[in-house]
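As a plain string of letters, each chain reads:
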Amino acid sequence: MKAKAIGLAIAAAVGGFLFGFDSSVINGAVDAVSSDFALNDVITGFVVAIALLGCALGAWMAGGIADRWGRLRVMFLGGIMFLVSSIGSGFAFAAWDLALWRVIGGIGIGIASVVAPAYISEIAPKRIRGSLASLQQLAITLGIFAALLSDALFAWGAGGANEPFWFGLDAWRWMFLACVVPAAVYTLLSFTLPESPRYLLTKGRDEEARAIFAQLVPANELDRSIADIEKQIAEDQQGAQASLRGPRFGLKGIVWIGIILSVFQQFVGINVIFYYSTTLWSAVGFDESDSFAISVFTSVTNVLVTLVAIALVDRIGRRPILIAGSAGMAVSLGAMAVAFAFADTAADGTVTLPGAWGPIALVAANLFVVAFGASWGPVVWVLLGEIFPSRIRGRALGVAASAQWIANFLITVSFPAMSAWSLPLTYGMYTVFAVLSGIFVIAKIPETRGMALEEAEVTFARKGSAKAKSTA
């Protein structure tokens, strides 16, 4: 039964793989795209980041349609959109054309980013739910690794990202076309997975739900598990008109918790490392080949530390992992800000780090990835899957994921211009957000380790009520 739940979670988490692959495949192509289409820093940042606006739209849509159509149909829709986008991006003929296809793919990825954690949280036994929910982030890190590795292989094989490769197409075009493979796999998987038993029960398909649950929980817990969910569904139906609206700036407090967690996850600047690292390391003295190798090494580090987080999240809890991660990110980002303060800038804008500052920046960047990958990367996805009341879970997850994508967009689109202006201030800003993320966890996030979904919801509600009383 445990093995069955793990298998389903791994299959659903392929959506996270698409997320990671799509978000990082641009890393190796960005300089070549900028050169081929004669783009300035602002337009380059926009083309890189525009997919994230599509992701925000897809995430916002996903909650509602997943509650109406079911998790699997929505997975299929996301996979098809990403498949089409991969082909279109590979044959793009102008910057606007590439941006359009990236928006379409972004919508598909945004859909997957909501449906996967919701599905996993709904099929996972509570004793291992944290570990299984963390598979979403592991899949994202594996997608990042696969994208950066394929980028490097295409660039090395062609002799450069802007050099012709198979059938005369430039290597950067093959980087996008490689996305077809994971997109096709994800689309096919949507036909093989069982539907979420929670969704089936809401639609009155009790026998189907029971048959699926029988494979996921021990026989002596089956009736109780179904009864608990049916009770929750009955309560949800009584509040069928439940809204995300609330007294705190128009939304319920728990929705703001999810939004702020999502925003902090991105505002620490993690995706700058995965979207622009090849460009960044080239700028500070490494040649293109070495820059690709460093990016691949960083992505491997990200995968390994995510495995550590999966092993620990259900043992020591969500809260201490997040606090420790915030501290580690603040220290490493601060070190990067200091290192770039000593950078030399040539007349043509080329940045170099003298003496030991280059290696210090490189080590600090990888320590930042370690701190993020072992904490905020996976654990935020765990919390987003378990903090919302079930009657609003789909919509609330969509809003939180949309906020994450918008925050990702703001960081991504601003980095080229900000880095050209001042790298020390850019990394200094990320350092401030890392510090604030730790303060937020200490103030607002209770521990939910080992709780059923319903218990986790109540715990957050109680913390919010207690806070309201203390400030009354």
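Everything below is about the structure shown above.
Residues numbered from 1 in each chain as written. Predicted model: local features only at pLDDT ≥ 70, side-chain atom pairs only at ≥ 80, totals over all residues. Heavy atoms only, no water.

Glancing now at the overall build of the protein chain. Along the backbone of the protein chain there are 20 helices and two strands. The buried share of the protein chain, reckoned over its 472 residues, is 60%. For the protein chain, the proportion of contacts with a sequence separation of at least 24, taken over those separated by at least 6, is 79%. Of the accessible surface of the protein chain, which amounts to about 18,100 Å², a share of 67% is contributed by carbon and sulfur atoms. (Helix = DSSP H or I, 4+ residues; strand = E, 2+ residues; numbered from the N terminus. Buried < 20%, exposed > 50% of the residue type's maximum accessible area, 1.4 Å probe, protein only. Contact = heavy atoms within 4.5 Å. Areas by Shrake-Rupley, 256 points an atom, 1.4 Å probe, with all protein chains shown as cover.)

With that settled, consider unusual backbone geometry. A negative phi angle is the norm for most residues apart from glycine, just as the trans form is the norm for most peptide bonds. One non-glycine residue, F167, adopts positive backbone phi at about 55°. As for its position among the elements, F167 is in the loop between α6 (129–158) and α7 (171–177).

Contact geometry for helix α2 (residues 14–36) and helix α3 (residues 41–69): axes closest at 10 Å, N-to-C directions at 160°. Overall, the two elements α2 and α3 adopt an arrangement that is roughly antiparallel. Judged by the twist between their axes, the crossing of α2 over α3 is right-handed. Only T44, V48 and A51 of α3 make contact with α2, whose side of the interface consists of D22, I26, V30 and S34. Partitioning the contact of α2 with α3 into residue classes produces four nonpolar, two polar and one charged. (Axes fitted to C-alpha atoms, helices over the stretch in contact; angles between N-to-C directions. Parallel < 35°, antiparallel > 145°, perpendicular 65-115°, else oblique. Left-handed = near helix turned anticlockwise from the far one by under 90°. Nonpolar A, V, L, I, M, F, W, Y, C, P; charged D, E, K, R; others polar.)

A few words on the packing of α2 against helix α5 (residues 95–123). Direction vectors running N to C along α2 and α5 enclose 155°, while the axes themselves pass 8 Å from each other. Judged on the interaxial angle alone, α5 and α2 are roughly antiparallel. Helix-helix and strand crossings are classified by hand; for α2 and α5 the assignment is left-handed. Packed against α2, whose contacting residues are G15, L18, F19, D22, I26 and V33, the element α5 presents L98, R102, I109, A112 and S113 at the interface.

Below, the discussion takes up the packing of aromatic side chains. For the structure on display, the rule yields 16 aromatic pairs. Each ring, one from F93 and one from W96, has its centre 5.6 Å from the other, and the planes form 80°; the classification is edge-to-face. On the accessibility criterion, W96 (56% relative accessible area) is exposed. Here the aromatic rings of W166 and W174 are separated by 5.3 Å at their centres, their planes lie at 80°, and the arrangement is edge-to-face. (Phe/Tyr/Trp six-rings, centres within 6.5 Å; stacked < 30°, edge-to-face > 60°.)

Along the chain, A124 turns up in the loop between α5 and α6. On the accessibility criterion, A124 (13% relative accessible area) is buried. With 115 residues separating them in the primary sequence, A124 and A9 have C-alpha atoms 7.6 Å apart.

With that settled, the discussion passes to a nonpolar patch on the surface. Among the surface-exposed residues, F76, I80, V84, L188 and F191 lie close enough to one another that they form a single nonpolar patch of about 470 Å² accessible area. The element that contributes the greatest number of residues to the nonpolar patch is helix α4 (residues 71–90), accounting for three residues. You can see F191 is positioned in the loop between α8 (180–189) and α9 (197–202). (Patch = residues over 30% accessible without salt bridge, like charges linked within 9 Å, V, L, I, M, F, W, Y side chains within 5 Å. Salt bridge = Lys/Arg side-chain N within 4 Å of Asp/Glu carboxyl O.)

What follows covers the nonpolar core. With 142 residues, the main nonpolar core has M175, M329, W376 and Y427 as its most contacted residues. Counting residues per element, this core draws most heavily on α6, at 13 residues. (Core = buried A, V, L, I, M, F, W, Y, C linked by side-chain atoms within 4.5 Å.)

Among the structural elements, R173 can be located in helix α7. Within the buried set, R173 has no salt-bridge partner at all; the shortest N-O distance to an opposite charge, 5.1 Å, is to D170. Non-local contacts of R173, meaning those with residues more than four positions away in its chain, are made with F37, G90, F91 and A92. (Lys, Arg positive; Asp, Glu negative; His and termini not counted.)

The quantities given are spatial measurements derived from coordinates; they are silent on function.
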